[in-house]
Protein chains: 2
Amino acid sequence: MNKAAIILVAPQMGENIGAAARVMKNFGLNDLRIINPRDGWPNEKAQSMSVGAIDIVNNAKIYNNLKDALLDIEFLYATTAVSRDMNKATITSKEIANDYPYGLKVAIMFGRESSGLTNNEISISNKIININTSDFSSLNIAQAIGILCYELYNNINNDYAQDSDIATKNDFLLFCEHLEIELERKNFFKIVEKKPKMMQNIINIFNRIDKLSKSELQTLRGIIKSLSR
Amino acid sequence: MNKAAIILVAPQMGENIGAAARVMKNFGLNDLRIINPRDGWPNEKAQSMSVGAIDIVNNAKIYNNLKDALLDIEFLYATTAVSRDMNKATITSKEIANDYPYGLKVAIMFGRESSGLTNNEISISNKIININTSDFSSLNIAQAIGILCYELYNNINNDYAQDSDIATKNDFLLFCEHLEIELERKNFFKIVEKKPKMMQNIINIFNRIDKLSKSELQTLRGIIKSLSR
C-alpha cells in the first residue's frame, strides 16, 4: 500500500503525534515521518494517545532534517493556518480531490504547534493547502491532519505508481543547492542580507514547474552548468 | 453562520469535551450541549483543552436527560461508527451539505467514547450520519465532531481573489529567446540538429511554472544574465 505520507516538522506534543497516527489509520494512511520531535523518540504519550494505531507510531520514520524525509517524495503539500506572502499556488482542503497529483508519491507537511512551518520549509513545497476556518483559526494539528486524511480517504484513490519518472523533492533540493552555489560564485546575491529571501523566491519559481521529470531536472542542471562555465 | 448545536451524550473524558469546543469554534459553531458528563461539571480538563474556545466550554448547557436538551431542536442527526440494524435514513458526512435542512434548528448528537449512542437515543434522531473510515473505525469523538463541523462550515462558499501580476506570454517568449542566445554562446547545443527539439523541451519546462509573475520572470532573466557572465 503506497499512499500519501504525513510529515510532522518538529512537533512539540507527543499527544498530538499519537492523535495524528490514530486518525491517519482511521482514514487508511500509514506513512508517518517526523522531523526532530521536541521531546525525543520514542515518546510514551504518542504511544498511549494512538490507541489502536500504535503500529503507525512504532513504524514512524524519524529524521533530523527535512531533506532526508523527502528522498522519495514527488509532490509536497505544505499546510499553513495563516496565509503567507509567497507566490505559491494555494488550494483549500475542499479542492484537494481535484488537485491531487494522481500517480505521484505525495506528502503533506505540518509545522510546529506553536508557529507552524517556516517560510523556508514552505518554499520547498509544491503547493499550500489551507483549511478554511472561522476567525478563530487555531486548529489543533491532529484535527487538521484528520480533516486532510478524511478528504483524501473520501475522494481519491491515492495509491501511486512505482514507475513514475517525476523528480523527487530530494533531487530538487540538490538542484537548488547547485544553482545557489553557482549564483554565489557569480556574485548574483549582491546584498548578503537579501540572499535568503531571494533564494526562497527562486526556489519558489522552479518549484511551480508542474510534474518536473527526472530528465527535465537533468536538463535544468545542464543549463546551470553550461551557463556557469 | 451555521447555528447547529452539538450535543454530547454522556461524554467520558473532559479532554474530548475541550477539544470538541475548540474545533466547534474553529468552524464557527458555539452551541454546545452536554448530557450527564461522566466526571461532573465544570471540568478542568475540558477547560484546559479548549485553549481559545474556553467561552464555548463555559457557556455549554448541561442537562441530565436528552429530552430537555432537545427543547428547541427541529432536526436531529445522530452519529454512529457502526451501522445499526434500524430502518432510518443514513447519510455520509460528505452528503450533509446537500442534506442539511436549511432554516430549521439543527443538532448533531454524539455518543459515549466507549459505546456511542444507544439504539433508543438514535431512534429519536431524524437521520443517521456516518463518517466513512478504514477498517480501523475507532474515530476519536473530537475528530468526528471536527469533521462534521468542517463540512457544515464549508457550505459557505469562499471566493479567492486572484493575482493580476502574471507575466504575459510575450514576456515569456522574450525570456526564452534570451536563454537560447546565452546557451548558444556557451555551446550548450552540441549537436546542431538536436537544438530545436532541445529548446522545445526547455521551453516546456519553464512554461509549466504555474502563474509565473512578471517579477519572477525578471528574476529568471537575472539568473541567466548572472550565470552567463
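Residues numbered from 1 in each chain as written. Chains lettered and ligands numbered in written order. Predicted model: local features only at pLDDT ≥ 70, side-chain atom pairs only at ≥ 80, totals over all residues. Heavy atoms only, no water.

1. Description of empty space enclosed by the protein
For clarity, the threshold we go by: Space inside and on the surface of the protein is sampled on a 1 Å grid over the protein atoms alone, with a cavity defined as a set of points where a 1.4 Å probe fits but cannot get out and a pocket as an open set with protein on both sides within 12 Å along at least 5 of 7 lines; lining residues have an atom within 4 Å of a point. Grid points are joined across faces, edges and corners, and a volume is the space filled by probe spheres set on the points. Note on residue classes: Ala, Val, Leu, Ile, Met, Phe, Trp, Tyr, Cys and Pro are nonpolar, Asp, Glu, Lys and Arg are charged, and everything else, Gly too, is polar. Under the scheme used here, helices are H or I runs from DSSP no shorter than 4 residues and strands are E runs no shorter than 2 residues, and both carry numbers assigned from the N terminus.
All told, the structure shown has two cavities of 30 Å³ or more when counted by the stated rule. Here the largest cavity defines a volume of roughly 100 Å³. What lines the largest cavity is a set of 13 residues, among which A:Glu74, A:Asn126, A:Ala167, A:Lys169 and A:Leu212 lie closest to the centre. Residue composition of the lining of the largest cavity, grouped by class: six nonpolar, three polar and four charged. When contributions to the lining of the second largest cavity are tallied by element, the ones reaching two or more residues are helix H10 (214-228) of chain A together with helix H10 (214-228) of chain B.

2. Digging into the packing of aromatic side chains
Residues and elements named next belong to chain A. Filter applied, for reference: Stacked, tilted and edge-to-face are the three classes applied to pairs of Phe, Tyr and Trp rings, where Trp contributes its six-membered ring and a pair requires centres within 6.5 Å; stacked means planes under 30 degrees apart, edge-to-face means over 60, and tilted covers the rest. Think of it in three bands: with a 1.4 Å probe and only protein chains considered, a residue is buried below 20% of the maximum accessible area for its type, exposed above 50%, and partly exposed in between.
As enumerated under the stated definition, the model contains 15 aromatic pairs over all chains in all. Their ring planes at 40° and their centres at 6.3 Å tell us that Phe-172 and Phe-175 sit as a pair that is tilted. With a gap of three residues between them, Phe-172 and Phe-175 both fall in helix H8 (residues 169-185), about one helical turn apart. Phe-175 sits in the buried class, given a relative accessible area of 1%. Where Phe-188 meets Phe-189, the ring centres are 5.2 Å apart and the plane angle is 85°; that geometry is what we call edge-to-face. In this structure, Phe-188 and Phe-189 share a single accessibility class: buried.

3. Structural notes on the nonpolar core
Going by this rule: Each nonpolar core is a collection of buried residues, namely Ala, Val, Leu, Ile, Met, Phe, Trp, Tyr and Cys, held together in the definition by side-chain atoms within 4.5 Å. Here, residues are in contact when the closest pair of their heavy atoms is within 4.5 Å.
Counting residues in each nonpolar core, the largest one holds 77 residues, and the members touching the most others are A:Ile6, A:Leu32, A:Ile145, B:Ile6, B:Leu32 and B:Ile145. A per-element tally of this core places helix H7 (residues 141-153) of chain B first, with nine residues. Contacts of A:Ile6, omitting those with residues within four sequence positions, involve A:Met24, A:Leu29, A:Asp31, A:Leu32, A:Arg33, A:Ile108, A:Phe110, A:Ile145 and A:Cys149.

4. Regarding the sheet that holds strand S5 (residues 90-92) of chain B
Residue and element names in this part refer to chain B. What counts, and what does not: Strand pairing is defined by DSSP finding a minimum of two bridges between the two strands. The axes used here are C-alpha line fits, helices contributing only the stretch in contact, and every angle between their N-to-C directions lies in the interval 0 to 180 degrees.
With respect to topology, seven strands assemble into an open sheet ordered S3-S2-S1-S6-S4-S7-S5, the strand pairing being parallel. Across the chains shown, the open sheet's two edge strands, defined by having one partner strand only, are strand S3 (61-63) and S5. The sheet shows a mean angle of 25° between the axes of neighbouring strands, taken without regard to direction. Here three bridges tie strand S2 (residues 31-35) to S3, and the two strands are oriented parallel to one another. Along S3, the bridge assignment pairs Arg-33 with Lys-61. Against the sheet, helix H1 (residues 14-26) contacts strand S1 (5-9) and S2, and its axis sits at roughly 160° relative to S2. Relative to strand S6 (residues 106-110), H7 is tilted by about 160°, and along the sheet it contacts S1, strand S4 (75-79), S6 and strand S7 (127-130).

5. Focus: the pattern of salt bridges
Put simply, the test is: Within this document, salt bridges are pairs made up of a side-chain nitrogen of Lys or Arg and a carboxyl oxygen of Asp or Glu, the two lying within 4 Å of each other.
Under the definition given, this model contains 28 salt bridges over all chains. Linking A:Arg33 and A:Asp31 is a salt bridge whose minimum nitrogen-to-oxygen distance equals 2.9 Å. The exposure class of A:Arg33 is buried, given its relative accessible area of 3%. For B:Asp99, the salt bridge is made with B:Lys127, and the minimal N-O distance between the two is 2.4 Å. With B:Asp99 in helix H5 (residues 96-99) and B:Lys127 in strand S7, this pair connects stretches of sequence that are 28 residues apart. Here B:Asp99 falls in the buried class, since its relative accessible area comes to 18%.

6. Some thoughts on the interface of chain B and chain A
For clarity, the cut-off: The term buried area refers to how much accessible surface (probe radius 1.4 Å) is lost by two components on association, counted for both of them together. Think of a polar contact as two N or O atoms within 3.5 Å of one another; within protein, one of them needs to be a possible hydrogen donor and the other a possible acceptor, and neighboring residues in sequence only count if both atoms come from side chains.
Each partner contributes to the interface: chain B provides 55 residues, whereas chain A provides 57 residues. For the chain B and chain A pair, buried surface summed over both sides reaches about 4,900 Å², with 58% attributable to carbon and sulfur atoms. Scanning the region where chain B abuts chain A turns up three salt bridges. The partner of A:Glu151 in a salt bridge is B:Lys94, and the shortest N-O contact between them spans 2.5 Å. The interface formed by chain B and chain A contains 28 residue pairs in polar contact (both at pLDDT 80 or more). Listed by contribution, the elements that provide at least two residues to the side of chain B that touches chain A are H1, H7, helix H8 (169-185), helix H9 (195-207) and H10 of chain B.

Function cannot be inferred from these measures alone, as they are strictly geometric.
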